[in-house]
Amino acid sequence: MQQISQHLKSADLPATVFNLSNGLTLIHQYLPATPVVVSDIWVKAGASAETDSWSGMAHFLEHMIFKGSPKVGVGEFDWVVENRGGIANAATSHDYAHFYLTTAANHLRETLPYLADILLHATIPDDEFIRERDVVLEEIRSSYDDPDWLAFQSLCQTLYNSHPYKRSILGEVDLLMNHTPNMMRCFHRTHYQPENTTVVLVGGIEQESALSLVNDVFGEFSVPSECPPNIVNAEPPLIGIRREELHLSRLEHGRLLMGWVCPGAEHLPTAIGLDLLSVILAGGRCSRLIQELREEKQLVLDICSDFSLQKDSSLFTINVWLEEKNMDTVEKAVCDRLYQLQTTPITETELNRAKKLLLNDYIFSTETPGQLAGIYGYYNTISNVGQCLLYPQLINNISRTELQRIANLYLSPERYATVRLKPN
Amino acid sequence: MTTRSNQKLTPQNLHRTILPNGITLLVVENQAADLVACRCFLKLAGSRVESSEQAGISNLVASVITKGTRNLSALEIAETVESIGASVGADASSDYFLLSLKTISQDFGEILKLLGEMIRFPTFPASEIDLEQKLAIQSIRSQQEQPFNVAFGQLREMIYQDHPYGISVLGTEASVGSLTQEDILNYHQSYFRPDNLIISISGRITTETATSLVGEVFGDWQIPNNILTVQSLPELNSIPTEKVIIQDTQQSIVMLGYLGAEVKSLDYPVLKLISTYLGNGLSSRLFVELREKRGLAYDISAFYPTRLQAAPFITYMGTAPENTEIAIAGLKEEVQRLTKEKLSDSELKGAKNKILGQYALGKQTNSEIAQIFGWYESLGLGIEFDSCFQNAISGVTSEMILEVANHYLANPYISIVKPE
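Calculation notes
Residues numbered from 1 in each chain as written. Chains lettered and ligands numbered in written order. Predicted model: local features only at pLDDT ≥ 70, side-chain atom pairs only at ≥ 80, totals over all residues. Heavy atoms only, no water. Helix = DSSP H or I, 4+ residues; strand = E, 2+ residues; numbered from the N terminus. Buried < 20%, exposed > 50% of the residue type's maximum accessible area, 1.4 Å probe, protein only. Contact = heavy atoms within 4.5 Å. Core = buried A, V, L, I, M, F, W, Y, C linked by side-chain atoms within 4.5 Å. Domains from an automatic or database assignment. Polar contact = N/O pair within 3.5 Å; in protein donor to acceptor, adjacent residues only side chain to side chain. Pairing = 2+ DSSP bridges. Buried area = accessible area lost by both parts, 1.4 Å probe. Salt bridge = Lys/Arg side-chain N within 4 Å of Asp/Glu carboxyl O. Nonpolar A, V, L, I, M, F, W, Y, C, P; charged D, E, K, R; others polar. pLDDT = per-residue confidence, 0-100. Axes fitted to C-alpha atoms, helices over the stretch in contact; angles between N-to-C directions.

### A few points about the environment of Val279 of chain A
Residues and elements named next belong to chain A.
Thinking step 1. Assignment of secondary structure puts Val279 in helix α9 (residues 268–282).
Thinking step 2. With relative accessibility at 10%, the residue Val279 sits in the buried group.
Thinking step 3. If near-sequence neighbours (up to four positions away) are discounted, Val279 is found in contact with Ser287, Ala354, Leu357 and Leu358.

### A word on the nonpolar core
Thinking step 1. The biggest cluster of nonpolar side chains holds 133 residues, and the ones touching the most others in it are Phe218 of chain A together with Ile274 of chain B.
Thinking step 2. Formed jointly, this core draws a minimum of three residues from each of two domains, domain 1 (5–218) and domain 2 (242–418) of chain B.
Thinking step 3. Among residues more than four places away in sequence, those in contact with Ile274 of chain B are Phe313, Leu338, Ile401, Val404, Ala405 and Leu409 of chain B.
Thinking step 4. In this structure, Ala15, Ile280, Leu293 and Leu403 of chain A belong to the second largest nonpolar core, which totals 70 residues.

### So, the side chain of Asn366 of chain B
Thinking step 1. Here Asn366 of chain B is to be found in helix α13 (residues 366–378).
Thinking step 2. In terms of polar contacts, Asn366 of chain B uses its side chain to reach the backbone amide nitrogen of Gly203 of chain B, at 3.3 Å.
Thinking step 3. Beyond its immediate sequence surroundings of up to four residues, Asn366 of chain B is in contact with Glu367 of chain A together with Asn30, Leu35, Ala37, Ser202 and Gly203 of chain B.

### Notes on the pairing of strand β6 (residues 197–203) of chain B
Residue and element names in this part refer to chain B.
Thinking step 1. In terms of residue burial, β6 counts as a mostly covered element, since seven of its seven residues are buried.
Thinking step 2. Side chains Leu197, Ile199, Ile201 and Gly203 of β6 all project onto a buried face; the interleaved residues Ile198, Ser200 and Ser202 project onto the opposite face, where all are buried too.
Thinking step 3. Across six bridges, the pairing between strand β2 (residues 24–29) and β6 is parallel. Counterpart to Val27 in the pairing with β6 is Ile201.
Thinking step 4. Two strands pair when backbone bridges link them, and strand β3 (residues 35–42) and β6 are joined in this way by seven bridges, in the antiparallel orientation. In the sheet register, Ala37 faces β6, and the bridge partner there is Ser202.

### With respect to the interface of chain B and chain A
Thinking step 1. Contacts between chain B and chain A engage 69 residues on the former and 62 residues on the latter.
Thinking step 2. Taken over both partners, the interface formed by chain B and chain A buries close to 5500 Å², and the fraction arising from carbon and sulfur atoms is 54%.
Thinking step 3. One can count five salt bridges joining chain B with chain A.
Thinking step 4. One salt bridge connects Lys67 of chain B with Glu295 of chain A, and the closest N-O pair in it is separated by 2.6 Å.
Thinking step 5. Counting across the interface, chain B meets chain A through 23 residue pairs in polar contact (both at pLDDT 80 or more).
Thinking step 6. Breaking the side of chain B that touches chain A down by element, the ones donating at least two residues are α2 (74–84), β5 (97–104), α4 (126–142), α10 (285–292), β10 (312–319) and α12 (345–361) of chain B.
Thinking step 7. In the side of chain B that touches chain A, the residues fall into 19 nonpolar, 31 polar and 19 charged.

### Notes on the confidence of the model for chain B
Thinking step 1. Taken residue by residue, chain B gives an average pLDDT of 95. The fraction at 70 or more is 97%.
Thinking step 2. Both scores are given for the predicted complex: the pTM is 0.95, the ipTM 0.93.

### What about the sheet that holds β6 of chain B?
Thinking step 1. One open sheet holds the six strands; their spatial order is β1-β2-β6-β3-β5-β4 (chain B), and the pairing between them is mixed. Two strands lie at the open edges of the sheet, namely β1 (14–18) and β4 (87–92) of chain B, each paired on one side alone. This sheet shows a mean twist of 15° between the axes of neighbouring strands, independent of strand direction.
Thinking step 2. Running over the sheet, helix α12 (residues 348–364) of chain A touches β3 and β5 of chain B and is turned about 100° from β5 of chain B.

This is the structure we're talking about:
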């Protein structure tokens, strides 16, 4: 059994963080009355770790993990889990790939070792590589049939010049055809290493068992390789409005997307301010844009605003579903509202409403072990797990002038990227 | 494997009462989190009570019911809900009409009062109907943007024809366009009555508090004198056909459908188990044979919803256009296999473990708990269906699967969406 080099538990954090001697992080929370354990393994091996020409590798690898290891056959892990009434799956983003497993507590010892083995010792067999590539190509094809996906990809491409956030996580067809099993093995051995990995266990398992199980099954990683590092250049700030327009057949109504590049996960108070601003703009029927553009002027079918926290630079978006003829008017109205946020403090009522909404959302989204595990793993991968606890406190502390300052710094009505989708 | 604080939902923490005015009240006391979820079901309502001329009326009522009561305007309602940070919504479904709310525990009483006003005294302002009607028609059009929806819409029509299950819960452009304020007021008048209402609550609240709050809000609501009746529905027969829609898409959607059984049928658990075996999860038969071994699809699955009347049983995949015929043959073959061969003991056992395990995992949040018991009650199955269903699954044999597959799954309806 490995030594534990460090053992952190803050007064407020209901979970305990262990840094194991091989560099792996374990986050554990015991929920005594829960008969379920969620295991969620987060690896800093998302699309941002790829160079441009390796695009699509991280996501394709996530598929190939399920093809097994020298000890675990193709599909064997899925069978072992589901045959015991459990659920497993995985997802890849720019900042991470994560693999999750929900089982009854008494089945954890029979299932987690399989997941650990395929993660640490993925074989990536040549013939399976060729076959699974067809599956990824189908995934890409189906995305191309989704106008909202196309619009969002186009916005990212327009907004980011150099950062990998500009690319689709799925990759491009011609690049995928050039990737080889050897390249993928190299990518796997480079990135699936203990210092990049957070294992989260939440539910009906006590600390001692959790530690000993994780030490047992996450002890031996593969010998590291070194695939070409991706040097991420700082994204230059926008100096004007960047526009893109797509024309699609099979489009029943238009889309207008607007996006702003914002600070990454290291500036959590700013991120939370931007979260609040997105609620004030378009979270709920009382919000400024929904009230004005959907309810009163009836210029849009729907409008939403989203702040997505990312490691290097976060993304603030406004998405509008509307008729083509209203696009100019609506874009101008959005810019007017942004200008207003910069020049006039929001009311105390609006601020309180937005705070309440986010605070309650936080309560509503920490109800299950799966939700908790996801939050811990996500924060620990893009920043550190302690940050997620600050969330309610940071929301409570933020003032109207602070929000005005944040709007001024990041949500300029003169510097943004915008994409319009129009029917052919 | 149910909730965070309870190993099992025993009769000790699930309380069912019928109030004097006919409201069915279900309360699950669950201390796990500081919140309360509530689902109000109007059991005789939803698409199944709609005439084809008025298809989509339930959905329109759901959009407008939150937009005006005798005392509050649309904006005032939104302000009340949002300043508390609650979530309140209304939805129409095939078999019922649903209002949902979720709040932190201390706000529950206040929001329940508001929900009571919406249920009992909505005003359905003409201006709000106009707006939501226009938006509903746009939603119907936007279904055309998703090839899956196009294929499913076509299949539903092929299987159900004039039956209300044949039309999307959104209705059609023509039917929604023709709806008037009077139609909506009549709908409310007919179906919103205490003897048609089930209130299902789960969260950090005692049964006493819940009962007294519900009594304050709904206690003086009288049952109307008339008897609530619903239209008789056309009989359903399986007459498989095949149809193709040509669209400019990257992928073909291949969808095979069968007329399945209603939830009260003895065949229901058997079909549920078959759909799990075929289409649920990464180790399911379709996933392994057609995706993992042959790389034909990314999205491939089977589903069989729980319905009061004969529900559709569907298998589908999205595939490269040149693989369309291979995909049809592959899906057909996999279902046909079940009409000829018995499942092995380990396959049967695996499918049962999977469905029972996932069923338990589907009752983790308060919203899920309030939903499932309220829903069973609204379908007339009673809360005991929760355990009856699990027992029935345990009792399924491979002989039963063979027989049920032969009865329902011999010949598919085929719906295709593909490029030229």
